[in-house]
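# Examining the three-dimensional arrangement
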Amino acid sequence: MRRRSKLLKIGNISMGGDSNIIIQSMTNTNTADIKATITQINELEKAGCQLVRVTVNNLKAAEAIKEIKKEINIPLVADIHFDYQLALIAIENGIDKLRINPGNIGSDENVEKVVLAAKEKKIPIRIGVNSGSIEKEILEKYGKPCTEALVESAMYHVKLLEKFGFYDIVISLKSSNVRMMIDAYRKISELTDYPLHLGVTEAGTKFQGTVKSAIGIGSLLIDGIGDTMRVSLTENPVEEIKVAKEILKVLDLSDEGVEIISCPTCGRTEIDLINLAKQVEKEFEDEKRKFSIAVMGCVVNGPGEAKEADYGIAAGRGTGILFKKGEIVKKVSEKDLLEELKNLIREDLKK
């Protein structure tokens, strides 16, 4: 059962409550380069990003928000560190959400100024805590970054915002240590009903970061924990969206996209199954409708092993079969398998 969190409005989307899990990412452009930032945001949206964050690290970046907002469709989040005044400028320029670590923007008085301005404009705030930003006193208490330190830091900042009458809060407790990240989110999910932003921070390059994120984010989603997610990769941020969409798809938490079911190959495989599976995946990677395709390397067992797939192909030496819902549709030559599969699916999708 999914954890029931508080419902928040962020620009033109909803987060929490019964809303779908929101996929987000962050630009890696210079935010003050308005054209480059807009271009990347629109590329991210096309890939499936629903919420995007930009670095606001100086006055030019804060002022750029106004122009960026005019040319994008998805809500925009300002990532603020150290200078509370940049948060105030971002709010004035139409930002949809703030990401701050209240502990690094100065005194409680500064935090209050940001909170009151956000409250007036109905702009939610994400409290972003990670294992590298835990307050000195809390770190000294526990001796090192740990689950308890992350949770205590986050709850301290929650209480600070609540002290000023602010309750439109999203929480993240990220760590590059997957076990610590999972434990922290599980613990805080029992302490508050604010929406939770999931992510493994500094997860690494595309391969390792994908594995870490799938385990960390996926484990929590299976538990019913999480309202939004950002896969962090040292890579073009569009790749983050692809991984996030796949995590939701394989957990049956998304109502769109094609799932490829393919066997790992063995000594019975007599065709170039690896290349064929890649071609099928490429052909349908942008398909919005939800269905599954099996690509099997054994005519004898293929349809039976993938009988739950909506469509499929199974091939032996020089020949193969098309099947649909486990039933054989026709026998075709190996060289025509891909085209025949595409034709079968495209014709069905027209109906």
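Preceding block: the structure.
Description of the structure in this document. (Residues numbered from 1 in each chain as written. Predicted model: local features only at pLDDT ≥ 70, side-chain atom pairs only at ≥ 80, totals over all residues. Heavy atoms only, no water.)

## A short note on the overall build of the chain
- Scanning the chain from N- to C-terminus turns up 12 helices and 15 strands.
- Seen along its three principal axes, the alpha-carbon backbone of the chain occupies a region of about 75 × 45 × 30 Å.
- Seen as two clouds, the 51 positive and the 53 negative side-chain charges of the chain have centres 1 Å apart. (Helix = DSSP H or I, 4+ residues; strand = E, 2+ residues; numbered from the N terminus. Lys, Arg positive; Asp, Glu negative; His and termini not counted. Charge placed at Lys NZ, Arg CZ, Asp CG, Glu CD.)

## Remarks on the layout of surface pockets
- For the largest pocket, the calculated volume is near 1300 Å³.
- Of all the elements in the fold, those that place two or more residues in the lining of the largest pocket are β3 (22-26), α1 (34-47), α8 (206-222), α9 (237-250), β11 (258-262) and α10 (273-283).
- With 10 residues, the top contributor of residues to the lining of the largest pocket is α9.
- Grouping the constituent residues of the lining of the largest pocket by class yields 14 nonpolar, six polar and 18 charged. (1 Å grid on protein atoms, 1.4 Å probe; cavity = no way out; pocket = protein on both sides within 12 Å on 5 of 7 lines; lining within 4 Å. Points joined across faces, edges and corners; volume = space filled by probe spheres on them. Nonpolar A, V, L, I, M, F, W, Y, C, P; charged D, E, K, R; others polar.)

## Brief notes about the pairing of strand β6 (residues 97-100)
- Neither face of β6 is exposed, since K97 and R99 on one face and L98 and I100 on the opposite face are all buried.
- Sheet topology note: the strand β5 (residues 76-79)/β6 ladder contains three bridges and is parallel. Of the residues in β6, the one forming a bridge with D79 is R99.
- In this region the chain leaves β5, passes through helix α3 (residues 84-92) and returns to the parallel neighbour β6; the handedness of that crossover is right-handed. (Buried < 20%, exposed > 50% of the residue type's maximum accessible area, 1.4 Å probe, protein only. Pairing = 2+ DSSP bridges. Right-handed = clockwise from strand over helix to strand, strands pointing away.)

## Quick word on helix α6 (residues 147-163)
- In this model, α6 (17 residues) spans 24 Å end to end at C-alpha, consistent with the 24 Å of a helix rising 1.5 Å per residue.
- Within α6, 12 of the 17 residues are buried, which leaves the element mostly enclosed by the surrounding structure.
- Every buried residue of α6 is listed here: T147, A149, L150, V151, S153, A154, M155, H157, V158, L160, L161 and E162.
- On its buried side, α6 packs onto α4 (108-121), β7 (125-130), α5 (136-142), β8 (169-174) and α7 (178-189).
- Count one or two residues on from α6 and you reach G165, which has phi positive near 75°. (Expected span 1.5 Å × (residues − 1). Contact = heavy atoms within 4.5 Å.)

## Quick word on the packing of aromatic side chains
- Under the criterion given, the structure shown has two aromatic pairs.
- Ring centres of F284 and F291 lie 6.2 Å apart, and the angle between their planes is 80°; on these two criteria the pair is classed as edge-to-face. Across this residue pair, the class does not change: F284 and F291 are buried.
- Geometrically, the ring pair formed by F291 and Y311 is edge-to-face, given 5.7 Å between the ring centres and 85° between the ring planes. Of this pair, F291 sits in strand β12 (residues 291-296) while Y311 is found in strand β13 (residues 311-316), placing the two residues 20 residues apart along the sequence.
- Judged by its relative accessible area of 8%, F291 is buried.
- Overall, the relative accessible area of 8% leaves Y311 in the buried class.
- Ring pairs connect the aromatic residues F284, F291 and Y311, which therefore count as one cluster. (Phe/Tyr/Trp six-rings, centres within 6.5 Å; stacked < 30°, edge-to-face > 60°.)

## Some points on the pattern of salt bridges
- Enumeration according to the criterion identifies 29 salt bridges in this entry.
- One salt bridge connects E239 with K206, and the closest N-O pair in it is separated by 3.0 Å. Of the two residues, E239 is situated in helix α9 and K206 in helix α8; the sequence distance between them amounts to 33 residues.
- Overall, the relative accessible area of 16% leaves E239 in the buried class.
- You can call K206 partly exposed: its relative accessible area is 39%.
- Ionic pairing is found between E283 and K342, a salt bridge with its closest N-O pair at 3.6 Å. Of the two residues, E283 sits in helix α10 while K342 sits in helix α12 (residues 337-350), which places them 59 residues apart along the sequence.
- Exposure remark for E283: the relative accessible area of 30% places this residue in the partly exposed category. (Salt bridge = Lys/Arg side-chain N within 4 Å of Asp/Glu carboxyl O.)

## A look at the environment of L88
- Position of L88 among the secondary structure elements: in helix α3.
- Under the relative-accessibility criterion, L88 is labelled partly exposed at 24%.
- L88 sits 103 residues away from L191 along the chain, and the two C-alpha atoms are 30 Å apart.
- The residues touching L88, leaving out its near neighbours within four places in the chain, are K113, V114 and A117.

## Side note on the sheet that holds strand β15 (residues 327-333)
- Across the sheet, five strands lie side by side as β11-β12-β13-β14-β15; this open sheet has mixed pairing. Edge positions in the open sheet fall to β11 and β15, since each of these has one partner strand only. Averaged over all pairs of adjacent strands, the angle between strand axes in this sheet comes to 20°, irrespective of strand direction.
- Here β11 pairs with β12 via five bridges, running parallel. (Axes fitted to C-alpha atoms, helices over the stretch in contact; angles between N-to-C directions.)

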